[in-house]
Every structure is written in C-alpha cells, then in structure tokens.
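Chain residues, written in single-letter form:
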Amino acid sequence: MMETLLKKAYDLAVEFNDHGLVGDYDMWTPEWGNAVNNGDFAIEMGAAWLKGWMKDNAPDASEKFRVATLPKELAGNWGGSYIAIPKETKHEKEAYKFAKWLTSPDNQLKSFKSDAGLFPSSPEVFDMEDFKNIEDEFFGGQKTSQYFADAAKDINFVYKGSKYKPTQDEVLNALKNVREGADPDKEWKEAVKRMKKLQDR
C-alpha cells in the first residue's frame, strides 16, 4: 500500500519533469534562494513555516507569490516542533504546567502572529477571529492562515519511523538523477532495492 502511494507520487514528479515543470535547483542552496528571491519560478512547494523563511531570506519576493492548497489527497506534513519533559527532571509538574501554558491556543495564536509565524497545532486556533482575519502583506494581503488551516484539516496521521530520513533521501536522489537524464523506471527499481535494504538493517 505505502509503496504504491510512494510510486504514484514518484510518477507524478517524473511527469512534471517530462513537461519541463521542475526547476534546476536543489532546495536550500544559494542558487535556489536567489531564484525564490527573484521570483524565477511559478510555484514553490513547502510547508507553512516556509513563509517565515521567505520573509527573512527573500525580501524581493514580496507580493510575487500567493499561497494555495494542494488537492485534498496530496495534503501532508513537513516537520514540526516537539516538547518533551526529561525523565531526570526534579520539576516535572512545573515543566508540564509550563508546556501546557506555552502550547495553549492563545499563545499559539501569538506565536503565529509573530515574525516567526509558527503555525498552530491546536485546531481551536483555526476558529479564532484574530487568526482567520490576518492579512499577510508579503503575499499581497492574502489571508494565508485560512489556506494553511484548511490543509491541516485534511492531513491524516503519518508515522515516521527511525529510517524515514534515509528512505526519503533515496527517493529524492532517484528523482534528482531523473532530472539529470536518468531512466525513471531504472532509478525507481534501484531506489526500492536500497530502501528495502535500509529496512532490513
């Protein structure tokens, strides 16, 4: 099941590449950053937190982009923040109270409205008027919060195991090779072999 879904996404990326819709940039490189800043491509796919990066690192892109949601079946999660209380602490009750206060809906709204733009994990925030009515000047006055909230509601729980990152890298490396002219089917088969070896370790 998972391999079938992954193959479907892989084939879609290959199709985009075949139609000349994939830029020749590796994310987080200076070349990619300059392309975002200059508005050199039509679409940049990313999570809600990417808008904070854009505001800090691509000021010339202001008002060149707008936010849109992916089709429902393609909605996904890309990272996030986690809070844990170490077992060794002598103040676990106080730490828990602090974590509860920190992640309260009101504080999540404040964090979202700050320069950091941290997207709230509490669905309760999505219905707050102060959240729904935020106009984002960087995106031409668009109320981006609603787009992110709608996408968040469509995301199902996904378990990412300890080998998630190296497995993901195999797919990304295969797609990079396809972008550079390699055969898509051969790259997929080789990537699957390597991914299965990773899982067997």
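None of these values were measured; they are calculated from a predicted model.

So, how was this worked out
Residues numbered from 1 in each chain as written. Predicted model: local features only at pLDDT ≥ 70, side-chain atom pairs only at ≥ 80, totals over all residues. Heavy atoms only, no water. Helix = DSSP H or I, 4+ residues; strand = E, 2+ residues; numbered from the N terminus. Buried < 20%, exposed > 50% of the residue type's maximum accessible area, 1.4 Å probe, protein only. Contact = heavy atoms within 4.5 Å. Areas by Shrake-Rupley, 256 points an atom, 1.4 Å probe, with all protein chains shown as cover. Lys, Arg positive; Asp, Glu negative; His and termini not counted. Charge placed at Lys NZ, Arg CZ, Asp CG, Glu CD. Core = buried A, V, L, I, M, F, W, Y, C linked by side-chain atoms within 4.5 Å. Axes fitted to C-alpha atoms, helices over the stretch in contact; angles between N-to-C directions. Parallel < 35°, antiparallel > 145°, perpendicular 65-115°, else oblique. Nonpolar A, V, L, I, M, F, W, Y, C, P; charged D, E, K, R; others polar. Salt bridge = Lys/Arg side-chain N within 4 Å of Asp/Glu carboxyl O. Left-handed = near helix turned anticlockwise from the far one by under 90°. Phe/Tyr/Trp six-rings, centres within 6.5 Å; stacked < 30°, edge-to-face > 60°.

Colleague: Got a sec to walk through the overall build of the protein? Specific residues and values, please.
Modeller: When helices and strands are counted, the protein shows ten helices and zero strands. In the protein, the succession of α and β elements from N to C terminus is α-α-α-α-α-α-α-α-α-α. Across its three principal axes, the protein shows a C-alpha extent of roughly 55 × 45 × 30 Å. Burial analysis of the protein (201 residues in total) assigns 25% to the buried set. Sequence separation of at least 24 residues holds for 53% of the intrachain contacts in the protein that already meet a minimum separation of 6. Surface summary for the protein: the accessible area is close to 14,400 Å², and the carbon and sulfur share equals 53%. Averaging the positions of the 29 positive and the 35 negative side-chain charges in the protein gives two centres separated by 7 Å.

Colleague: Outline unusual backbone geometry, supporting the account with residue identities and numerical values.
Modeller: Even without glycine at this site, Trp-28 takes up a positive phi of about 75 degrees. Here Trp-28 lies in the loop between α1 (2-18) and α2 (30-38).

Colleague: Before we move on, could you go through the nonpolar core and cite the residues and values that matter?
Modeller: Counting 14 residues, the largest nonpolar core has Val-36, Met-54 and Phe-139 as its most contacted members. For this core, the element with the highest residue contribution is α2, accounting for three residues. In contact with Val-36, not counting residues within four places along its chain, are Phe-41, Trp-53, Met-54, Ala-58, Ala-61 and Phe-65. Among the nonpolar cores identified, the runner-up in size contains nine residues, and Tyr-10, Val-171, Ala-174 and Val-192 belong to it.

Colleague: Explain the side chain of Asn-107 to me, using residue names and the numbers behind them.
Modeller: Tracing the sequence through the fold places Asn-107 in helix α5 (residues 105-113). Residues within four places of Asn-107 in sequence aside, it is in contact with Trp-101 and Leu-102.

Colleague: Which residues make up the packing of α2 against helix α3 (residues 50-57), and what values go with them?
Modeller: Direction vectors running N to C along α2 and α3 enclose 85 degrees, while the axes themselves pass 10 Å from each other. Considering the angle they form, α2 stands roughly perpendicular to α3. Of the residues in α3, those in contact with Trp-32, Gly-33, Val-36 and Asn-37 of α2 are Leu-50, Trp-53, Met-54 and Asn-57. For the contact of α2 with α3, the class distribution of residues is five nonpolar, three polar and no charged.

Colleague: Pulling in residues and values, what's your account of the pattern of salt bridges?
Modeller: Side chains bearing opposite charge may pair, as long as their charged atoms lie close to each other. On inspection of all chains with the given rule, the structure shows ten salt bridges. Note that Arg-179 and Asp-24 form a salt bridge whose closest N and O atoms lie 3.6 Å from each other. In this pair, Arg-179 is assigned in helix α9 (residues 164-179) and Asp-24 in the loop between α1 and α2, connecting sequence segments 155 residues apart. Among the residues examined, Arg-179 registers a relative accessible area of 22% and is labelled partly exposed.

Colleague: Give a detailed account of the packing of α9 against helix α10 (residues 184-200), specifying residues and quantitative values.
Modeller: Two elements in contact, α9 and α10, have axes separated by 9 Å at closest approach and are oriented at 165 degrees. Considered as vectors, α9 and α10 are oriented roughly antiparallel to each other. Considering the relative orientation of α9 and α10, their crossing is right-handed. Contacts between α9 and α10 involve Pro-166, Thr-167, Glu-170, Val-171, Ala-174, Asn-177 and Val-178 from the former and Pro-184, Glu-187, Ala-191, Arg-194, Met-195, Leu-198 and Gln-199 from the latter.

Colleague: Give a detailed account of the packing of aromatic side chains, specifying residues and quantitative values.
Modeller: Using the criterion set out here, one finds 14 aromatic pairs in the structure. Both rings, one in Tyr-10 and one in Trp-188, keep their centres 4.9 Å apart while their planes meet at 45 degrees; by these two values the pair is tilted. Pair noted here: Tyr-10 is in helix α1 and Trp-188 is in helix α10, with a separation of 178 residues, a long-range link. The pair Tyr-10 / Trp-188 is uniform in exposure class, with both members buried. Geometrically, the ring pair formed by Phe-112 and Phe-131 is tilted, given 5.1 Å between the ring centres and 50 degrees between the ring planes. With Phe-112 in helix α5 and Phe-131 in helix α7 (residues 129-132), the pair connects residues that are 19 residues apart, well separated along the chain. The same class applies to Phe-112 and to Phe-131, which are both buried. Feature note: the residues Phe-112, Phe-119, Phe-126, Phe-131 and Phe-148 constitute an aromatic cluster, connected by ring pairs.

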